[in-house]
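# Inside the fold
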Amino acid sequence: MSNIIVLTGAAGGIGKEFLKIMKDEKGIDEIWCVGRTLSKLEALKEISNKVVPVACDVTLDEDLLAFQKLLEEKNPRIKWLINCAGTRAVYKPGASLPRLLATVRTNLVGNMAMCYACIPFIGRGDHILNVSSAASFQPLPSNNSYAAAKVGLRFFSKGLEYELKTRGIKVTCSCPGWVATELMEFKEDEMKPIERLPGVTTPEHVAKKSIRQARRGKSIVFPTLKVHADYYIIKFAPTKFILWYAAHVETDHYKDFIKTGILT
């Protein structure tokens, strides 16, 4: 039986940093790098010869079922499941319904499905690390579907931690704020939610702190001081204030978003 790491969103900014950190993990035979584009996954072999590219779109039932079948055929021991698959919110006026659904399916449903498929192959002392977002701390007008998906993943992770406690499986949820990845590169036909992004950190920092805290058995990871402070401020602040703050402070162009019909 092979000891493996399953890493979703492996070709993205944070996912690639997770790979760099975990490539020398003791006792690991293979790192299954999961993503939509096979060529990008193949390129990850330059980082580690343990990489096994697995083309799987976590928003598609058929791909998830194929991945589940692959696990059943190979019967590996999953020492780490790191769910890093994600996409940003809809910032494009007149975006299609499938684009909206992709936000929820990628950020929530796909990650839940990967947990469901992988848990039968995870044992005592092993880890599940789900990457949520600081957007999960409060409702976010004009970023609504993204925040809803991310809070769903955070609550799912907390419930899963309780379910798996007696089996000795550790579950951690990391909640980064703004991270300097390709998701911050807005196209010409998209609206940038905020001009000066507060508390931006690097993918390397998020990955390092998330792994370090997961090893310590932490339930939730706050990668930066701003995120940590936001969590407790929002926890005790009145809901009306939180909504006003999200719309008018965390978003520079809220009125423009409303005018253009971006309500998700």
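Numbers given to residues run from 1 along each chain, matching the order in which its sequence is written. With the structure being a predicted model, the display of local features is reserved for residues of pLDDT at least 70 and the display and counting of side-chain atom pairs for 80 or more, all residues being used for whole-chain, interface and lining totals. As a convention, hydrogens and water are excluded, and side-chain values are obtained from all of the structure's heavy atoms.

## Looking at the overall build of the protein
- From N to C terminus, the protein includes nine helices and seven strands.
- Against the 2.2 N^0.38 benchmark of 18 Å for 264 residues, the protein shows a C-alpha radius of gyration of 18 Å, consistent with a compact globule.
- With respect to the principal axes defined by its C-alpha atoms, the protein has extents near 55 × 35 × 30 Å.
- Burial classification: accessible surface area is computed with a 1.4 Å probe over protein chains only, and a residue below 20% of its type maximum counts as buried, one above 50% as exposed, and the rest as partly exposed. The buried share of the protein, taken over its 264 residues, is 48%.
- Here a residue-residue contact requires only that any non-hydrogen atoms of the pair lie within 4.5 Å. Summarising the internal contacts of the protein: among those between residues at least 6 apart in sequence, 71% fall at separations of at least 24. Secondary structure elements are defined from DSSP: runs of H or I of at least 4 residues count as helices, runs of E of at least 2 residues count as strands, and each element is numbered from the N terminus. Here the globule rule reads 2.2 Å times residues to the power 0.38, and the radius of gyration is calculated from C-alpha atoms.

## Details of the packing of helix α1 (residues 13–22) against helix α6 (residues 203–215)
- Only the contacting stretch of a helix is used when fitting its axis, a line to C-alpha atoms as for every element, and angles between N-to-C directions run 0 to 180 degrees. Following both chains from N to C, one finds α1 and α6 inclined at 55 degrees, their axes separated by 8 Å at the closest point. By the angle between their axes, α1 is oblique relative to α6. Crossing of α1 over α6 shows right-handed handedness. Two secondary-structure elements touch here, α1 through Gly13, Ile14, Glu17, Phe18, Ile21 and Met22 and α6 through Pro203, Glu204, Val206, Ala207, Lys208, Ser210, Ile211 and Arg215.
- Taken together, the residues of the contact of α1 with α6 sort by class into eight nonpolar, two polar and four charged. Angles below 35 degrees are treated as roughly parallel, those above 145 as roughly antiparallel, those between 65 and 115 as roughly perpendicular, and all remaining angles as oblique. Crossing chirality is assigned from the near helix's rotation relative to the far helix, an anticlockwise turn below a right angle marking it left-handed and a clockwise turn marking it right-handed. Gly counts as polar in this scheme, as do all residues outside two lists: the nonpolar Ala, Val, Leu, Ile, Met, Phe, Trp, Tyr, Cys and Pro, and the charged Asp, Glu, Lys and Arg.

## Re the packing of helix α4 (residues 97–118) against helix α5 (residues 144–164)
- Where α4 meets α5, the closest approach of the two axes is 8 Å, and the angle between their N-to-C directions is 10 degrees. Here α4 is positioned roughly parallel relative to α5, judged by the angle of their axes. On the side of α4, the interface is formed by Leu100, Thr103, Val104, Asn107, Leu108, Asn111, Met112 and Cys115, while α5 contributes Ser145, Tyr146, Ala149, Lys150, Gly152, Leu153, Phe156 and Leu160.
- A per-class count over the contact of α4 with α5 returns ten nonpolar, five polar and one charged.

## Details of the nonpolar core
- For this analysis, a nonpolar core means a set of buried residues of the types Ala, Val, Leu, Ile, Met, Phe, Trp, Tyr and Cys, connected via side-chain atoms within 4.5 Å. Residues Val6, Phe67, Ile78, Cys118 and Ile128 are the most contacted members of the largest nonpolar core, which totals 25 residues.
- Contributions of two or more residues to this core are made by β1 (3–8), β2 (30–35), α3 (61–74), β4 (77–83), α4 and α5.
- In terms of residues, this core owes the most to one element, α4, which gives four residues.
- Not counting chain neighbours up to four residues away, the residues in contact with Cys118 comprise Val6, Phe67, Leu71, Ile78 and Leu81.
- Leu7, Leu19, Met22 and Ala214 belong to the second largest nonpolar core, which has 23 residues in total.

## Thoughts on α1
- Within α1, seven of the ten residues are buried, leaving the element largely enclosed by the surrounding structure.
- Every buried residue of α1 is accounted for by Gly13, Ile14, Gly15, Glu17, Phe18, Leu19 and Met22.
- Looking at the packing, one finds that the buried side of α1 touches β1, β2, β3 (51–55), β4, β5 (127–131) and α6.

## Quick look at a nonpolar patch on the surface
- Patch membership requires more than 30% relative accessible area and the absence of a salt bridge. Residues of like charge join within 9 Å; the nonpolar side chains Val, Leu, Ile, Met, Phe, Trp and Tyr join within 5 Å. Surface accessibility in these figures is a Shrake-Rupley result with a 1.4 Å probe; residues are shielded only by whichever protein chains are displayed. Salt bridges are identified by distance alone: a Lys or Arg side-chain nitrogen within 4 Å of an Asp or Glu carboxyl oxygen. A cluster of nonpolar side chains, contributed by Phe241, Trp244, Tyr245 and Val249, occupies part of the molecular surface with about 370 Å² of accessible area.
- Inspection of the secondary structure puts Phe241 in helix α8 (residues 239–248).

## Points about the sheet that holds β1
- Taken in spatial order, the seven strands line up as β3-β2-β1-β4-β5-β6-β7 in an open sheet, and their pairing is parallel. Across the chains shown, the open sheet's two edge strands, defined by having one partner strand only, are β3 and β7 (220–221).
- One ladder, built from five bridges, connects β5 with strand β6 (residues 170–174); its direction is parallel. Each residue of the ladder has a partner; that of Leu129, found in β6, is Thr172.
- Across the face of the sheet, α3 comes into contact with β1, β2, β3 and β4 while running at roughly 165 degrees to β2. DSSP calls a pair of strands paired once it identifies at least 2 bridges connecting them.

## Quick look at the packing of aromatic side chains
- Ring pairs shown here join Phe, Tyr and Trp side chains whose ring centres sit within 6.5 Å, with only the six-membered ring taken for Trp; geometry is labelled stacked below 30 degrees between planes, edge-to-face above 60, and tilted in between. Evaluation of the coordinates by the stated rule reveals eight aromatic pairs.
- Arranged with centres 6.2 Å apart and planes meeting at 85 degrees, the rings of Trp32 and Phe67 form a pair that is edge-to-face. Of this pair, Trp32 sits in strand β2 while Phe67 sits in helix α3; the two residues are 35 residues apart in sequence, bridging distant segments of the chain. Each member of the pair, Trp32 together with Phe67, is buried.
- Measuring from centroid to centroid gives 6.2 Å for Phe137 and Phe222, while their planes differ by 65 degrees, and the two rings are edge-to-face. Here the residue Phe137 occupies a position in the loop between β5 and α5, and Phe222 occupies one in the loop between β7 and α7 (225–236), the gap between them amounting to 85 residues. Accessibility assignment for this pair places Phe137 and Phe222 in one class, buried.
- An aromatic cluster of at least three residues, connected via ring pairs, comprises Phe137, Phe222, Tyr231 and Tyr232.

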